[in-house]
Amino acid sequence: MRMYNIIEKKRDGKVLTEEEVRFFIEEYTNNRVPDYQVSALLMAIYLQQMNDSECVHLTNAMVDSGDIIDLSQIDGVKVDKHSTGGVGDTTTLVLAPLVASLGIPVAKMSGRGLGHTGGTLDKLESIPGFHIELTNDDFIRTVNQNKVAVIGQTGNLTPADKKLYSLRDVTATVNSIPLIASSIMSKKIASGADAIVLDVKIGSGAFMKEMNDAVQLAKTMVAIGKKTGRNTMAVISDMNQPLGCAIGNALEVKEAIDTLQGKGPKDLTELCLTLGSQMVVVAGKAKTVEEARTRLEENIANGKAFQTFQTFIAAQGGDINAIDNPEKLPQASYQIELLAKSSGTVVQMDANAIGTAAMHLGAGRVTKETEIDLSVGLILHKKIGDQVKEGETLLKIHSNDRQVDYVKDILYNSIIIEDSQVEPPPLIHQLITI
Ligand code: URA
Ligand code: CA
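So, a few notes on the structure that sits alongside this text. (Residues numbered from 1 in each chain as written. Chains lettered and ligands numbered in written order. Predicted model: local features only at pLDDT ≥ 70, side-chain atom pairs only at ≥ 80, totals over all residues. Heavy atoms only, no water.)

Quick look at the nonpolar core now. Counting 81 residues, the largest nonpolar core has Ile127, Phe309, Leu378, Ile397 and Leu411 as the members making the most contacts within it. The element contributing the most residues to this core is helix H12 (residues 266–282), with 8 residues. Three or more residues apiece are contributed to this core by two domains, here domain 2 (79–324) and domain 3 (331–418). Beyond its immediate chain neighbours, meaning those up to four positions away, Ile127 contacts Val253, Phe309, Ile313, Gly318, Asp319, Ile323 and Leu329. (Core = buried A, V, L, I, M, F, W, Y, C linked by side-chain atoms within 4.5 Å. Buried < 20%, exposed > 50% of the residue type's maximum accessible area, 1.4 Å probe, protein only. Helix = DSSP H or I, 4+ residues; strand = E, 2+ residues; numbered from the N terminus. Domains from an automatic or database assignment. Contact = heavy atoms within 4.5 Å.)

Right under this line is the structure:
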């Protein structure tokens, strides 16, 4: 088999066989084909697409390129959730203990990553003492005992995806649905998930800006999941404004605690219940989403969800005192109000720009080396559809720097107030099960 022929075949819009896809991934992972040939193939895939079977072959080949986490010692169906990423997305912190509170194992490997705020791991590390390193044995033991643990990635998972992603990044081929879908699903499968719920975000703060693309990405990932024997479904949710009110690491931990105690923001609560009930159903622990949702709502109301969070945090060394008294989480020195310059209705928010403002405060990483300030961020007081009066607080900036004019400018430009009525955007756009 020759790389040249595989490039030529995809260039001409033909369907690659499993052997051809495996050959390219194996040879590339082992440095036996040059970047320029793989770049050409990636561009051909970008332009000609791949069908679901090719995506399955690509996903499987990437899974097999590295370690596969064996969670078979954990009793029950291991269900995982993946979000394509948004602004102020606090869902994992809520969902992991919420779903686990029904006895469903959540063995989650999470990431840090670049972005507006840190990833789930950074957020959790704002709880004093919490550590994300567990040996494989401890990870399995902890999940069997408490039904939940969240750790950093261990082992050499999907090295082919890492190499391909770096190359895509410099060859204008990141934004390809088959490549994104295979990349995401290979990582979920390699980290041991039996069942997967995907949260595909759409809107100004999301990777996908167009509904057609979001639906196509969701369908491709669900098809890959099903064809590889993982019960998978996707929720398409709105990211035209930040999720919840908190954007920032410790601030989002506080927001997650509120939500687990039944007093969180409406949209974050609704998304967690939607995703959570789907997780319960794909794990085979409820017949209908309605039944699953009722049980999750019960566990928020009766305190079990929050107790599971406390147990989870304590098991990984976190200070329970800081969970019970969130003012003990890292606090910024200054809280600066952003006041409305006019009266009217918030008609639009640029979620991406608001996230960028949080990043400038220090909440997120600009490069891999950046140190995050866990205490800083934003608390929104108004969202799309809300009435505001001139001089009223739109949001609070939590900063360790008194000088925030630059951040204020970004924020003023990203919140549009007009003298008209608008409805808040729908939070859940579609459920994709095929
Ligand atoms: N996220 C991923 O994990 N992979 C992609 O290709 C794009 C986004
Ligand atoms: Ca939030």
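Around the calcium ion (ligand 2), the donor atoms from the protein are Gly88 (O), Thr90 (OG1), Leu243 (O), Ala246 (O) and Glu255 (OE), and they sit 2.3 to 2.8 Å away. Of note, the calcium ion (ligand 2) draws all its donor residues from one chain, in the sequence arrangement G-x1-T-x152-L-x2-A-x8-E. Placement of Thr90 in the loop between strand E1 (79–83) and helix H5 (91–100) and of Leu243 in the loop between strand E5 (231–238) and strand E6 (246–248) is noted, with a sequence separation of 153 residues between them. Across the pair, Leu243 and Thr90 agree in class, each one buried. (Donors = N, O, S within 2.8 Å, 3.2 Å for Na, K, Ca; no water.)

It is worth spelling out the site of ligand 1 at this point. Near ligand 1, the surroundings consist of Tyr165, Arg168, Ile180, Ser183, Ile184, Lys187 and Phe207. At 2.6 Å, a side-chain N or O of Ser183 approaches a nitrogen atom of ligand 1. In this structure, Lys187 approaches ligand 1 through a side-chain N or O atom, which is 2.5 Å from an oxygen atom. In isolation ligand 1 exposes 230 Å². Once the protein is present, 82% of that is buried. Residues of the shell around ligand 1, tallied by class, amount to 4 nonpolar, 1 polar and 2 charged. (Near = heavy atom within 4 Å. Polar contact = N/O pair within 3.5 Å; in protein donor to acceptor, adjacent residues only side chain to side chain. Areas by Shrake-Rupley, 256 points an atom, 1.4 Å probe, with all protein chains shown as cover. Nonpolar A, V, L, I, M, F, W, Y, C, P; charged D, E, K, R; others polar.)

With that settled, consider the pattern of salt bridges. Applying the stated criterion across every chain yields a total of 23 salt bridges. Measuring nitrogen to oxygen at the nearest pair gives 3.2 Å for the salt bridge that ties Arg293 to Glu297. Of the two residues, Arg293 and Glu297 both sit in helix H13 (residues 289–301), 4 residues apart, roughly one turn of that helix. Classification of Arg293 as partly exposed rests on a relative accessible area of 24%. The partly exposed category is assigned to Glu297, whose relative accessible area is 35%. Here Lys382 ties to Glu392 by a salt bridge, and the two come within 2.9 Å at their closest N and O atoms. Residue Lys382 is located in the loop between strand E9 (377–380) and strand E10 (387–388), and its partner Glu392 is located in the loop between E10 and strand E11 (393–399); the two are separated by 10 residues in the primary sequence. For Lys382, a relative accessible area of 13% corresponds to the buried category. On the basis of relative accessible area, Glu392 is assigned to the partly exposed category, the value being 31%. Salt bridges sharing partners connect three or more residues here, namely Arg112, Asp122, Glu125 and Arg365. (Salt bridge = Lys/Arg side-chain N within 4 Å of Asp/Glu carboxyl O.)

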